[in-house]
Amino acid sequence: MSLWKKLLWCAVTLLGVVAVCVLALSQGEQISALWIIVAGLCATSVSYRFYSKWLAAKVLVLNDTRATPAVLQNDSRDYVPTNRWMVFGHHFAAIAGPGPLVGPVLAAQFGFLPGTLWILIGATLGGGVHDMIVLFASIRRGGKTLGQMVKEEIGRGVGALALISVLAIMIILLAVLALVVVQALAQSPWGVFTIAMTIPVALIMGMGLRTRKVNVIAVTIFGLLGLAFGVWGGQFLAHFPAIEAWFRHDQKWLAWAIMIYGLAASVLPVWMLLTPRDYLSTFLKLGTVAMLAVAVVLINPTLQMPAITKFIDGSGLVFAGPVFPFVCITIACGAVSGFHSLIASGTTPKMVRRECRIRSIGYGAMVSEMMVALMAMIAACVLLPGEYFAINTKGAPTEVVAKVSAAGFPVNEVEMQELATNLGESTMFNRAGGAPTFAVGMAHMFARISAGPTALALWYHFAIMFEALFILTTIDAGTRVGRFLLQDFLGSLWRPLGNTRSWSANLFSSVLLVSAWGWFLYEGIIDPLGGINSLWPLFGLANQLLSVVALCLGTTILIKMHKTKYVFVTLLPLVFMCAVTFSAGYLKVFSADPKLGFLSGAQSFVAEAAGVVDPSKTAGLMRQAAVWRFDALVALFFLVLVLLIVLGSARQWWQLLRGSKRVVLHESEFVSISAAQLAEF
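The shown structure was predicted, so the numbers you read here are calculated from the model rather than taken from an experiment.

Participant: Now, about the overall build of the chain: what can you tell me, with residues and values included?
Facilitator: Counting its secondary structure elements, the chain contains 27 helices and zero strands. In summary, the chain has a C-alpha radius of gyration of 24 Å against a globular reference of 26 Å for 681 residues, a match within 12%. A principal-axis box enclosing the C-alpha atoms of the chain has dimensions of 70 × 60 × 55 Å. In the chain, which comprises 681 residues, the share counted as buried stands at 58%. Considering only contacts in the chain between residues 6 or more positions apart, those separated by 24 or more positions represent 83%. Positive and negative charge centroids in the chain, built from 46 and 31 side chains respectively, lie 14 Å apart.

In C-alpha cells form, the structure reads like this:
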C-alpha cells in the first residue's frame, strides 16, 4: 500500500473516531444526524477493507480454485451457479427483514447513543464475522444447513434438538413477519400494486437470464424500469376506481395470497422467481436507504432525541427492560442476527460460484444492513420525542398524552391530530411496533426536500409500502430455507422426503411448512390481540440464541482447521452474545416486573381477572395469562437447549485442544476447477 493510501485510510479512521466522540460526548445539546452517517460510512469502509480482507486471507483462506456446491451439484433448482451481484441482492434482501428497520426505532427509547454504538460495534466485529464464517462453512460442506453442520461438528443428539428448535423458531417467525406485511398492505392498493408488479417482472428477468441470450445489465435495466413503474404508478390508482378495486383487499385475502406466494417461492427453481425478485427488491431497498442518506446530508436534520434517556433503567414507555441487554436483543438484524445463519447456510451457499465472493456477500451484506439500521435510528430520533413516545405508547389518547408528558416529553392531542391529518391517517395513537414511526421519520425528511402540500402523506405511504416489501423478501427466502430444514428432519424419518432433488418431496415439505406458518398467520388475523402477537417478545431472544449456536459452530470449525490462534474472532462475540441472551432470557422469564417477566406478567393477569365482573373480559385475561406462561416455557426450553449446545461445544474444544479427539473436518470433496472454468465464472 502506498503512502498516500495509508494516509487516506488513517484520515478515514480518524474521521470515524471523531464522529463517534461527538455523538458520545454531547452534553445535552442537540447535534446533527449527519454525524451518525459519517460514523457508519467510516466504520463500513474501514472494517470491510481491512478486517474482512484479513478474515478472508488469513483466517478462512478462501480458495477460488476449489469448486463450490453450486458448480458441483448444479441441479437447476436449488444448486444454481448465479451471477455474484444477483447472489448479493438475494442475500441482502433475505437477511434485511424487519430487524434493521423496526429494532433501532424501538431501541431509540434509550436515546440515540446506545443503539448507535451497538450497531457500529456489533455489525463490524460480530455480525459480519458470524455471517461470513457460516457461509464459508456451508460452502465447504456441500451447502449443508446450520442444523446439519451442528449435528456433524458438535454432536448428533444436540444437532437433532437444534434442528427441531430452529424449525420451530422459523415457523413462528415467518408467521409474524407475514402478519406485519398483511397489516401494512391491508386496504392499501398502492402497496399491493407495487409488490404484485415485482412478481411478473422477476419471472421475465429469470427467464431472460436462463436463456443466456440476455446479459445481466440488460435484465437489470428492464427490472429497474418495471420496479420504477410499480412504485410510481401505484399512486394513480385512486383515479381509476375499477382498477383500484383489484388491488384493495382485506387481511384474510392478503394472508392467502402471501401463503401462495411463499409456496411458489419455495417450490419453483431458485433462478425463476426467488433470486431475480430479491435482486430487484435490493435496488429499492438500497436505493431508498441511499436517498435517505442524501436527504440527511441535504437537510442536515437535528437529533431531537437525547443521547441517553431516563429509560435506560428499564422503565421504558415503548417496552420494558434495561438498556443492557435489551438494546442488543431489540436491535437484532442490524448488528448480530441468528436468522442470518439460516440464510447463509440455506439458499445463498447453493448459488455462490467462487469462494472469493464469500467476503462481499457474507461481510458486505452485513455492513450494508448496518447502514440501514443507522438510517432507521435517525428516522426515529429526528422526530420530537413527545411524538415518538405518543406513537409507540399504548392506551387512550388522553392517557397516553398524560403519561408521555409526565415522563418529561411534552405532547398534546392537537399536535398528534395535526400530524395524523398531514400523513393522511385518522390517528397516530396506538401505532406501536416501530414500523409507523420509521415511516413518519422517513416521510418528514423526504417531504422537506420535495414540494407539494401532500408530500408528507405520499412519502408516508411510500415508506409503509417500502417496509412491507422489505419484510416480504425475508418471507420468501425464509420459507425456502425452512423447507430445507424440514426436509433435513423428515429425511431422518423417511429418507425419500429428505431428497431435495425430488419435486414431490419438495412440494410436500413446502405445503407442510406453509400450512404451519399460515395457520399461525390466520389465527393472528382473526384474533389480533392474542395468538402469535403475544409471542413477539420471544423473537428477539430466540434470534440471538441462534447466533450463539452459529458462533459455537464457527469456533469449532476454526479449531478443527488448526486456526486456534485466530479463534478469538468468533469466541469474543460468542462470549458477549452468551451474556446478552442468557441475562435477557432470565429477565424475560423470572423478572418481578409484570411488564417484563412472563411469569409475573401471567400472575398480574390472573389477579386482574379476579376483580373483573364481565365473564368475557375475565376469559380474555385468563387466556392471556396462559399465553404468557407458555411463552415462559418456550423461553426456558430455548435457553436450556442453547446452554447444552454451548457446554457440548466447550467440551469438544477442550478435547480437540488436548489432542484427545481426532479431527474430522466433514468437508465436501475438494474438486479443483480449471483456469478456463474460473475465467467463465
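Participant: Which residues make up unusual backbone geometry, and what values do they have?
Facilitator: With an omega of 15 degrees, the peptide bond running from Phe324 to Pro325 counts as cis. Mapped onto the fold, Pro325 is located in helix α14 (residues 323-330). Notably, Val61 is not glycine yet its phi reads approximately 50 degrees, a positive angle. Along the polypeptide, Val61 turns up in the loop between α2 (34-59) and α3 (69-72). On the basis of relative accessibility, which here comes to 39%, the residue Val61 falls in the partly exposed class.

Participant: Go over the packing of aromatic side chains, please, and point to the residues and values.
Facilitator: For the coordinates displayed, the defined rule picks out 21 aromatic pairs. Geometrically, the ring pair formed by Phe311 and Phe389 is edge-to-face, given 5.3 Å between the ring centres and 65 degrees between the ring planes. Taken together, the residues span a long stretch of sequence, with Phe311 in the loop between α13 (274-299) and α14 and Phe389 in helix α17 (residues 385-392) at a distance of 78 residues. When its relative accessible area of 0% is taken as the criterion, Phe389 is described as buried. Here the basic side chain of Lys350 rests over the ring of Phe484, its NZ or CZ set 4.4 Å away from the ring centre. The residue whose ring lies beneath Arg359 is Tyr48, and the NZ or CZ to ring-centre distance is 4.4 Å.

Participant: I'd love a proper account of the packing of helix α9 (residues 189-210) against α13, names of residues and values included.
Facilitator: Interaxial distance between α9 and α13 falls to 8 Å at its minimum, and their mutual angle equals 125 degrees. One way to sum up the angle between α9 and α13 is to call them oblique. Considering how the two elements wind past one another, α9 and α13 form a crossing that is right-handed. Between α9 and α13, the contacting residues are Ile195, Thr198, Ile199, Val201, Ala202, Met205 and Gly206 on the first element and Pro276, Arg277, Tyr279 and Leu280 on the second.

Participant: Would you mind going over the side chain of His91 in detail, with residue names and values included?
Facilitator: Mapped onto the secondary structure, His91 falls in helix α4 (residues 84-95). With sequence-adjacent residues up to four places away left out, His91 is seen in contact with Ile343, Ala344, Thr348, Ile361 and Ala365.

Participant: Tell me what's going on with a nonpolar patch on the surface, and back it up with residues and numbers.
Facilitator: A contiguous nonpolar surface patch, about 680 Å² in accessible area, is contributed by Phe229, Trp232, Phe236, Phe240, Ile243 and Trp246. Elements supplying a minimum of two residues to the nonpolar patch: α10 (216-233) and α11 (241-247). Tracing the sequence through the fold places Phe229 in helix α10. Judged by relative accessible area, which is 43%, Phe229 ranks as partly exposed.

Participant: Account for the confidence of the model for the chain, with residues named and values stated.
Facilitator: Low pLDDT marks stretches whose predicted atomic positions should not be read closely. The pLDDT averaged across the chain works out to 84; a share of 93% of its residues lies at or above 70. Throughout residues 528-533 the model reports pLDDT below 50, and contacts reaching past four residues in sequence, or to other chains, amount to nine contacts.

Participant: Before we move on, can you summarise the pattern of salt bridges with the specific residues and values?
Facilitator: Under the defined criterion, the tally for this structure stands at ten salt bridges. The salt bridge partner of Arg141 is Glu153, with a shortest N-O separation of 3.1 Å. With a gap of twelve residues between them, Arg141 in the loop between α6 (112-140) and α7 (146-153) and Glu153 in helix α7 connect regions that are remote in the sequence. Overall, the relative accessible area of 2% leaves Arg141 in the buried class. Arg248 is the salt-bridge partner of Glu244, the closest N and O atoms lying 3.0 Å from each other. A single network of salt bridges, built from pairs that share partners, joins Arg66, Arg140 and Glu355.

So, how was this worked out
Residues numbered from 1 in each chain as written. Predicted model: local features only at pLDDT ≥ 70, side-chain atom pairs only at ≥ 80, totals over all residues. Heavy atoms only, no water. Helix = DSSP H or I, 4+ residues; strand = E, 2+ residues; numbered from the N terminus. Rg over C-alpha atoms; globule rule 2.2 N^0.38 Å. Buried < 20%, exposed > 50% of the residue type's maximum accessible area, 1.4 Å probe, protein only. Contact = heavy atoms within 4.5 Å. Lys, Arg positive; Asp, Glu negative; His and termini not counted. Charge placed at Lys NZ, Arg CZ, Asp CG, Glu CD. Phe/Tyr/Trp six-rings, centres within 6.5 Å; stacked < 30°, edge-to-face > 60°. Lys NZ or Arg CZ within 6 Å of the ring centre and 35° of its normal. Axes fitted to C-alpha atoms, helices over the stretch in contact; angles between N-to-C directions. Parallel < 35°, antiparallel > 145°, perpendicular 65-115°, else oblique. Left-handed = near helix turned anticlockwise from the far one by under 90°. Patch = residues over 30% accessible without salt bridge, like charges linked within 9 Å, V, L, I, M, F, W, Y side chains within 5 Å. Areas by Shrake-Rupley, 256 points an atom, 1.4 Å probe, with all protein chains shown as cover. Salt bridge = Lys/Arg side-chain N within 4 Å of Asp/Glu carboxyl O. pLDDT = per-residue confidence, 0-100.

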